[in-house]
Structures are given as C-alpha cells and as structure tokens.
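Here's the letter readout for the chains.
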There are 2 protein chains.
Amino acid sequence: MSNELTTNVQDLMLQRDYLGIKRILEKSHPSDIAKVLADLLPDAAGFVFRLLPKDLAIDVFDFMDVDGKQMLLHSLSSDMVATILNEMSQDDRTELFEELPAKVVKKYLSLLSEKERQVANMLLGYPEDSAGRLMTTAFVDLKEHQTVDEALAHVRATAPDKETIYHLYVISKDRKLLGGLSLRELILAPGSKLIRDIMNPEIKKVSTDTDQEDVARIFEDYDLIVLPVVDSEGRLVGIITHDDVLDIVREEDTEDIHLMGGLGAPEETYFSLSIAEDVKRRGGWLALLILLESFSGNILKTYSASLEAAIALSFFIPMLIDTGGNAGTQSSTLITRGLATGEIDKNHSRTILLREMITGVILGVILGAFAYVRAYFMQGDPMIGFVVGISLFVVLLVSNLVGALLPLLAMKLKCDPAVMAGPFLTTIVDVVGLMVYFEVARVIMGLG
Amino acid sequence: MSNELTTNVQDLMLQRDYLGIKRILEKSHPSDIAKVLADLLPDAAGFVFRLLPKDLAIDVFDFMDVDGKQMLLHSLSSDMVATILNEMSQDDRTELFEELPAKVVKKYLSLLSEKERQVANMLLGYPEDSAGRLMTTAFVDLKEHQTVDEALAHVRATAPDKETIYHLYVISKDRKLLGGLSLRELILAPGSKLIRDIMNPEIKKVSTDTDQEDVARIFEDYDLIVLPVVDSEGRLVGIITHDDVLDIVREEDTEDIHLMGGLGAPEETYFSLSIAEDVKRRGGWLALLILLESFSGNILKTYSASLEAAIALSFFIPMLIDTGGNAGTQSSTLITRGLATGEIDKNHSRTILLREMITGVILGVILGAFAYVRAYFMQGDPMIGFVVGISLFVVLLVSNLVGALLPLLAMKLKCDPAVMAGPFLTTIVDVVGLMVYFEVARVIMGLG
C-alpha cells in the first residue's frame, strides 16, 4: 500500500508533475503519506511535505517517527516549523523535544505561542516515562451546573481543537476533577438535565507522575480510550489517549525482549542503531560473559586430574551446561514475562519457588534418566552414565531455581527483571553444574 | 484497589451482610468486580455474581478472563446463563466458545436467541486468529441519502445496543461498505447535509480472514479506535474495537517471548498451566537439546586424543560455546523482534546478513584479542591463547550469521521466527565452535 504510493510519488517527481503528487497525496491517509516521506531522501521528503495543504501536513507530521520529524524540521522554513510546532499534538511534541539537543529545544520553544510554550514547558517538567509526559491538555471540560444542551453546544463549539470529544470531564471552579461522562451518555440524556446528575463521579484517573507502564495497565484493565490526569491537588491537567498506549506496550515489550536476549541498552529498533553502537552494546555483555567464564575455566583446571583420568567426562560438558542454561532460561522467561504482564507480583514469590522446585525435580528425574541412557549407549560405561544422569538432575533443579530467583531478586532490588536472564544465569549454572559433575564423578568413579 | 475490595467483600460475606456487598459493588468498576470474583472461590464468586443487577452483571462478565467465565457459568442457573450469553459482547462470546469443549458449546448455542445463534455460528465459522473471530456485528450503519439530522436521530435511537457509536459506517442497499465518518464529524456538520457528502469514502478496512497480527498493525499504524470488517463481496459484516488490539499485542509478544525462551507451546500464562503441562512443554525442548548435543559429544570424542595431549584445551570449552550461544541469541533476538514489530521484512535479508557479518567480524576481532589475553594469563602459554582467540573469532562470526539466518529462514518457511532462537541455534553453534577449536589447535599446536 504505502510502497506503491512511494513508487507513484517517485515517478511523478521524475516527471516533475508536482500537481499530480499533490492530488494523489490529498486522497491518501496521513499515516501512508508519513511512510512515503520516511522512504524518500531528506530533501525530497521536505519538498513533498511542502506540497501538502496545512491541515494535512500537520496530521502527516504527527504520524512520522521522531527521527523523521527531526529530519523534516531541518528542511523547512522557520515559519513552517513554527506552524507545525504550534499545531501538532502536544504529547507528540513532548516526545520530539525529549530526543532533541537542549539548544534546539530552546530555539523551537521560542517559536511557540505564549500559551503553547507554557504547555510545552509544563509537560517537559514531568519525569521521563511518566503520565505527565504522555498527556495533552486539549480535552473538553464541562461544568457541573451546565445542562445537557449547554454542554452539547460547548462540545460542538470547542471540538475542532480537541484531541478527543468522546470522553468529557466535569471540573469544579478551582479545576478539581469531579467526574466524567461519555459523549454517548450526553447524547442520550434529556436536554434539560444537569451535568451533575448524569456524570459518573467514580472515574479512573492517574496523577502526573504515574509510571507509563501503570498507565498502560490501567488502559488494559478497564478497556479505556482516554484516561484523565490530575495534579497533586486533584486538578485536571490533561488526558492520555489510547494511541499512546499501544506504543508503550510495544516499547516495553521490546525492551524486555532485548534485555532477555542479552542486549544491554534497550529501546532501540534494529536499523536505528549504528553498527558501532551495536558492537558496543553487544560486546559489553559478551566480554562480561567471557570474564565470568573464568570461574568455569578455573573449576575445570582444578579437576584436570579427574579429566585426564577419564577424558570421556569432557564429552558431556557441552550437553550439561547447555541444558542447564536452557532450563534456567525457560524459568526466567516465564517469571519475567509474568512480572511484565502483571500476572505475577511479589506476593507470589513463595508459590513460584515451590513450583519451580517441583518442576525441576520432575524434569531432573525424567531427563536425568534419559541422559543416563544416552551416555551409557555412547560410552558403554554405566559409571559415566550415572555421573551424567545424577549431575543433570542436580543441574536442572538448580537452574530452575536460579532462573526463577534471579528475576524475583531483580524485582526486590527494583531493577528490571529482564536483565537477569543473561550472562549471570549462564555463569551460575555453568559453575554449579561443573562442580557437581566432577564431585559426583569423584565419588562414583573414585577419581582425583 | 481490587485487593482492598476483595477483603471488604470477604468481610461482609462473613458478616452475612449481602446488602452491604451489593451496595459497595454497585459503586465499583466492572473490571474491579471481575478481579474480586477471580480472587474468590468458585461458589462464593457465583453467589456474589448473583447479587449484581443484570446490566452490571453482564459488564462484569465481559471483563472476566476465559477461565473465570467458564467457572462462573457452571455455578449459575440456565436462565441466568442464557441471559448472559445473549447479552455479552459477541467478540468475547466467540473467544469463550473457542475454549470450551464442543458439547458445551452446543448446549450454550441452544440457549441463544435465533438471531444471536446465527451471529455466533457465523463468527465461529471464521478461521482462528482471523479478523472474523475478533469482530462484533453491533455497529451503527447509515445510508448515503440520509441527512445529518436523520443520521443523528438514528444514532440516538440505536446507541444503547451498539458496541461503539463514535465511528459510523455508510452502506449501500446491498450492504456494501461505501465509507465512514466519525460521530465528531456528524455532530459538527450542518443538519440538512447528506451523509454521502460528508462521509469519507477512503477508509481502512480488513476482510474477515485477515490475520489478527495484521489487524493489530493496522490499528497501530493508523491510530484507530474501530476497524470495519468486510466479506469477500465487500459487504460490511462487523467491526473490531480497540480493546481487542491490546490483548492481541500482549498475546503475540508473550508467544514470541516464550518461544525465544525455549518454551514449546506458547500463549499460556504462568499460572494457567498445570505443573504436568509445564513439565511436558519444557521437557520436550530440553530432551531435544540433549539429543542434539550428541553431535558435540561425538566431536569431542573424535578429538579426544588432542584433548588428552593438551587437557588445558578443555578449560575454555564452556566459555567458547556459551559466548557463541549468547552472540547468536543477540542476533536472533534483534531480527526476530524486528520481524514481529514489522521493522524488518524479507526485502531486508541481504542488508541484515551483511550487517551481521560486519558486526561479527568486529566483535570477533575485539573479543578474540580479549580472550587471547585472558587465556594467556590463565595458562601462561601463548599457543593456547592463539587457539582460543582465533576460535572465538570464528565462533562469533558464525553465531552472528546463524543467529540472523535462522529467523529469516523461518520466515521463508512460513513458521514463527521465534521458534528458531532455541536449541537449534545452541546446537549449531556448539558443533561448529568445537570443530573449529580443535582444528585450529591441531594446526597451531601440532596435535592429533
């Protein structure tokens, strides 16, 4: 869809048919136009953008990603930049300003109208990843003593400038949030009724410093389209709309997935990272792992006499440590995901550890027996089979428990549980696994 | 919030103050009541549910998860079951029926009104994970020759039974979708205008068999609240609402995370799986890994003469294979996530492989040098250092490429890329890593 549109626009550019470009873009969805601009070279994107009528241009701008927005602003006249910055969504503007260098933000702030500048400064004043950063002040507010007809007239009059008109909020004289109602309820109510009598006084709200993950969870739990935000005095200061929530969920899930995959600095998409940055964030974790693996190297060194006496022991080392690592990853994945979706909280710690212990014992018995058989067939030596089987049992039990403990511990220490699924887990499982392996071998085979 | 409510309800139950329960629940949000019911024992939940007024009861039911719904239905009279099944959201009903045994579905279908039974059967006829399964038929449709005033009267008259009234769809006499408009546009238009003249003919739509992942992506790309669904003839058959989309995104992300974590059967939450099921799905993957690791065991066996001649070689095996596994996991995580969010598609294959090769070479040189130094310090033997460093270089290059290739291959084979990040990656990296290691050792140290 947008690929086709890009090709059409490029063809028309070559033919210098600028009116043609204008005509097909005016019929397109702002989101598709934003994708076309992202596919074009910066100069061409700026040129095409200037062909758009003002209102469409602003809609298109809102749909671009932050990198695209930055690039586009560079290629526009400062008049055009001022128009866009004044009329774009306030929440998108906050997101854009977050990414820009302080000097550029200062320049852009000076292009805003007095009123918008105050709003922008207020929104930037809230902590990162907080509800305050996500909100817009373009909501419809009603008074409690208005009639339904008066309220409807107010909605009609102010609708064009508002982010949404489907949820309306009732405030007192000192701007305290008293309640809310949907446009549906307003339309269905008799015209002479008072807002006070039809509003719902118990509505969900968050405060400006509520974390964005909690915001997303409230949207999910209550199937909301809009969520009002109040300050510490209970005054209505903004609303958060549903479209921001999907972005938060995607962003948080990507962050978790990257952390679990052993990628240090999260939140970046694949192509937005340069190779140098990519090497840096991957290399750091890998180097840490190489250092931590000194422990397992030293254990093997300690037991080198045993190894020399029974070289066949070495054949099972990869299987043993990889299986332990995989089982630990399974547990930590389950727990980390459960914590992220809110299914698991700190009250469940004991239940989880018990459950992982039981699972570990069962898996250990079954797979330990399986490994015994495999080792026996491979080496024809029941002693080696016993050593491998018993060690695998212990390794599975330990790795299951460690895999569950690490994310729970991370949560207690208030760091992201997803971090723990990486090198630490591998190292702990390797060290414990190898020690158990050689100690069992020492006892059963009478080595070293 | 809901914990507190649960405690209050339990206290009132003990005091047999059923009127008190009724009173506090009537003031609570249906989502919070649903959480209270989930926390209570089945019998108590059924009892409390019966205290609720009918409309609230239906709202609460919609907010419960599928397991909770099943349990609750068991404890209600068939009159009450019939009421709920007839009045609950159609999309939630489809989801519920998907999970129930065929016999129960048949019984429940017989409790539906003629009209609702037809709808339910139609919705269940669409493929799993398709748009048809997610939709509801409770939309507002307008005719093109209606005036704005007539349309508004129609909206008011039908609003109470509709899932949403904020997006309205215009259909022809044979029910073909002609266009759409928002309630906002309708309210702001002059009363005598024709719908035909204010509707937007270019609206986003999907067909009944569109995959739910694509549905979610369209919602994200276009910031939608509602998406209309048409059949193969272009007739409007239903709408999908925003609240389903968050669930899809969470579900798809959980599925990916579980698959990447080496957990076979995805989509289940932590506590919804019994320990036996849990053991089965984890054990299968782990057993597969143990079998596949026969390859690495055999390689070690092949080179046992080299190992006996230089036992120190074994000290670095865990570091080598773990680092390879981690680097491969990093690549495959990045690529798999990029595929899931739509950032990467099949046109990028060549770019990605080139990029991973470059990253692999850079990481290989830096970390290979690092490993050389570490091995030299540990063993005081520059030869061992060379063998470890050179092998690590090759391992990092190979694991980066394999980590990128496997998800791309999975996409080509039309299976889920996330599956590939598990045991296969580990095994390939182990086998290649060990072979390279001992071959390099043979050449440099003149072994075997």
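Quick note: structure is the one above.
In this text the structure is predicted, and so the values were computed from the model without any measurement.

1. Concerning helix H12 (residues 148-158) of chain A
Residues separated by three or four positions in an α-helix point in the same direction, a consequence of the helix having 3.6 residues per turn.
Residues and elements named next belong to chain A.
Piece 1. The complete set of buried residues in H12 reads Val148, Ala151 and Val155. Viewed end-on, H12 has its buried residues packed into an arc of 60 degrees, placing them on one side of the element. For H12, the exposed residues set more than 90 degrees away from the buried face come down to Ala153 and Ala157.
Piece 2. For H12, the elements touching its buried residues are strand E1 (141-143), strand E2 (167-171), helix H13 (183-188) and helix H14 (195-198).

2. A short note on the packing of helix H15 (residues 212-222) of chain B against helix H16 (residues 242-260) of chain B
All names here are of chain B.
Piece 1. Direction vectors running N to C along H15 and H16 enclose 120 degrees, while the axes themselves pass 9 Å from each other. With respect to H16, the axis of H15 lies oblique. When you trace H15 past H16, the crossing you get is left-handed. On H16, the residues that touch Gln212, Glu213, Val215, Ala216 and Phe219 of H15 are His242, Val245, Ile248, Val249 and Glu252.
Piece 2. Residue composition of the contact of H15 with H16, grouped by class: six nonpolar, two polar and two charged.

3. Focus: the interface of chain A and chain B
Piece 1. Facing the 87 residues of chain A at the interface are 87 residues of chain B.
Piece 2. If one sorts the elements of the side of chain A that touches chain B by residue count, helix H20 (residues 317-341) of chain A sits on top with 15 residues.
Piece 3. Within the side of chain A that touches chain B, the residues separate by chemical class into 43 nonpolar, 23 polar and 21 charged.

4. Side note on unusual backbone geometry
Piece 1. Positive phi, normally seen in glycine, also occurs at A:Asp223, with a value near 50 degrees.
Piece 2. Examined against the element boundaries, A:Asp223 turns out to sit in the loop between helix H15 (212-222) and strand E5 (226-230).
Piece 3. By the C-beta count within 10 Å, which is 17 here, A:Asp223 ends up partly exposed.
Piece 4. With phi around 65 degrees, B:Arg175 is a residue other than glycine that occupies positive phi space.
Piece 5. Checked against the element boundaries, B:Arg175 lands in the loop between strand E2 (167-171) and strand E3 (177-182).
Piece 6. Take B:Arg175: there are 15 C-beta atoms within 10 Å of it, and that puts it in the partly exposed class.

5. Let's talk about the relation of the copies chain A and chain B
Piece 1. Under the fitted operation, chain A is carried onto chain B by 0.1 Å of movement along the axis and a turn of 180 degrees, and the coordinates agree to an RMSD of 0.1 Å. In short, the pair behaves as if placed about a two-fold rotation axis.
Piece 2. A high fraction, 100%, of the interface residues of chain A reappear at the interface in chain B, so the copies pair face to face through one surface.

Calculation criteria
Residues numbered from 1 in each chain as written. Chains lettered and ligands numbered in written order. Predicted model: local features only at pLDDT ≥ 70, side-chain atom pairs only at ≥ 80, totals over all residues. Buried ≥ 20, exposed ≤ 12 C-beta atoms within 10 Å, placed from the backbone. Helix = DSSP H or I, 4+ residues; strand = E, 2+ residues; numbered from the N terminus. Arc of directions from axis to C-beta. Contact = placed C-beta atoms within 7 Å. Axes fitted to C-alpha atoms, helices over the stretch in contact; angles between N-to-C directions. Parallel < 35°, antiparallel > 145°, perpendicular 65-115°, else oblique. Left-handed = near helix turned anticlockwise from the far one by under 90°. Nonpolar A, V, L, I, M, F, W, Y, C, P; charged D, E, K, R; others polar. Least-squares fit on C-alpha atoms with pLDDT ≥ 70 in both.

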